[in-house]
Amino acid sequence: MRKGIRLSDYEHAIGEHAVELKRIFPDGVARLWGSTPTQQTGNAKAVALRDRKVGDEVLFYAQNMFIARARILGLLHNPDLATAVWGVDEETRTTWEHIMALGDVVEFEVAAEPILTALAMTPPLRSLTLVRAAERRRHLGLLDGRMPTVEARPSGEGGAVAPPGRMRREDLLRALGTLDAVTPDERRIRQASLTLLWAIGRLMSGQSRLAPSNVYQTQLEPIMQEFGSPSPSVSLEYPFRHLRGSGLWEVVGTKRPGPDQLSLAASVESGTHAGLRRDAARLLRQPLARAEAIGLLCTTYFPDVNQEELLDRVGLGGYAHASGADGGAERDGRGGSVSALPKRRRQVTASRPDRDQQLAHRVKLLHLHQCQVCGLRLETRFSHYSEAAHIRGLGNPHDGPDELCNLLCLCPNHHVQFDTLAIYIDEQWNVRSSKDGASIGRLRRHPEHDIEAQYVEYHRGLCGGNR
Ligand SMILES: [Zn+2]
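Residues numbered from 1 in each chain as written. Predicted model: local features only at pLDDT ≥ 70, side-chain atom pairs only at ≥ 80, totals over all residues. Heavy atoms only, no water.

### A closer look at unusual backbone geometry
- Note that the residue after Asn396, namely Pro397, is joined by a cis bond; omega there is 5°.
- Mapped onto the elements, Pro397 comes out in the loop between strand 13 (387–390) and strand 14 (407–410).
- Notably, Leu368 is not glycine yet its phi reads approximately 50°, a positive angle.
- Tracing the backbone shows Leu368 in the loop between helix 15 (357–366) and strand 11 (378–379).
- Even without being a glycine, Leu421 presents a positive backbone phi close to 65°.
- Mapped onto the fold, Leu421 is located in the loop between helix 16 (412–419) and strand 15 (423–425).
- A relative accessible area of 12% places Leu421 in the buried class. (Helix = DSSP H or I, 4+ residues; strand = E, 2+ residues; numbered from the N terminus. Buried < 20%, exposed > 50% of the residue type's maximum accessible area, 1.4 Å probe, protein only.)

Right, dumping it as structure tokens:
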């Protein structure tokens, strides 16, 4: 239901419903939910199956939460298609032949009980419950009152979740930037964003994308205790399992967690692993998307946290700084190694990437030592002083090039601000404060000094300025 199936993969089994499904899902990706035939006629499931109509809404239910809603666009009875898609239930030898074609699929997470009470409905025994079309407006009002507005996108665009393998950089950033649409609970948003940072750190250090829950306990729990929102209880259950609602997360090993598999201990026994989805991980292995993701997570969810310490703890220390973990202290070459940067970890000089001092000299001369941000030309006794700043840092983890198009001529103050990600350059070459986006001025340019836009974009991503 979540990923959808390609109708073209099931042409052999669709039979008489080919035209109808093509009409409902013009882009060829169908979201289907099937039910097995029921023996009894009086139980809730039988009644719900019998009475449902096109236009009704289905609420998906798991662990006392509603986790998704969808609209019924079509109803079909098609055992061949059901067998092709889902197989046959080993025990009952039946298949999920009563099929709902679903649209407007939106994933979220809302406690079920208050909504059921307000609608005078009994808690569903099965994994879904039905809301009549006539009740839909009232019910949507109830749901929306409990969660931030979630845009229902046409199913062709993937609803709340991008279709597998097609996640783009902007999908990734949108999902990372809207964790509050998955859950309205601030404590959980903090847990989710911490978990994602930690997961990116794991990717960077070459650890596996998916991990069992005991790894979460040993690695993530201490970080949660240190950087999570103040709360006596730290539960890893939420990020381990329910981060799925973000569209970035995957839980494998248990098909549908039943009540007996709720605890983390049980999930170790059942071999459940969780982690970033494959396509999200693929994007996060690209330097630009990774820099943007980390910058966005930090600026969106951790404005009140020492990000340098946080990033250090999750193995992403170099991302707190534009020049990376091993380049920051280097300055002009005349002024010695005095650095105004707070708490920078000084690495041995030998690990610092070699810089071309000729290039640094050239950019300063082109600009006559005038800061490209503020225009200051700092006077010394016999000359002037300025600094050459790399836009995309040279060393690990940024790996920017030592080229003129990756350099700026800055005064020491703006160099520090640029390196500590306090200011960035927008697409129109305005210099802005990372804190509130306020414009500080326009970057002064020189006709003989081409600046490569992709390096500016990378630095802007680190600052959380690419949204
Ligand atoms: Zn300046």
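Alright, that's what it looks like, and here's the rest.
### Overview of the coordination of the zinc ion
- Only Cys371 (SG), Cys374 (SG), Cys411 (SG) and His414 (ND1) from the protein reach the zinc ion as donors, at distances of 2.0 to 2.3 Å.
- Exposure remark for His414: the relative accessible area of 12% places this residue in the buried category. (Donors = N, O, S within 2.8 Å, 3.2 Å for Na, K, Ca; no water.)

### Remarks on the side chain of Arg392
- Its location among the elements puts Arg392 in the loop between strand 13 and strand 14.
- Although Arg392 is buried, it makes no salt bridge; Asp399 carries the closest opposite charge, 5.9 Å away.
- Here His398 takes part through its backbone oxygen, which lies 2.8 Å from a polar atom of the side chain of Arg392.
- What Arg392 contacts, discounting residues up to four positions off in sequence, is Pro287, Ala322, His398, Asp399, Gly400, Asn406, Tyr455 and Tyr458. (Lys, Arg positive; Asp, Glu negative; His and termini not counted. Salt bridge = Lys/Arg side-chain N within 4 Å of Asp/Glu carboxyl O. Polar contact = N/O pair within 3.5 Å; in protein donor to acceptor, adjacent residues only side chain to side chain. Contact = heavy atoms within 4.5 Å.)

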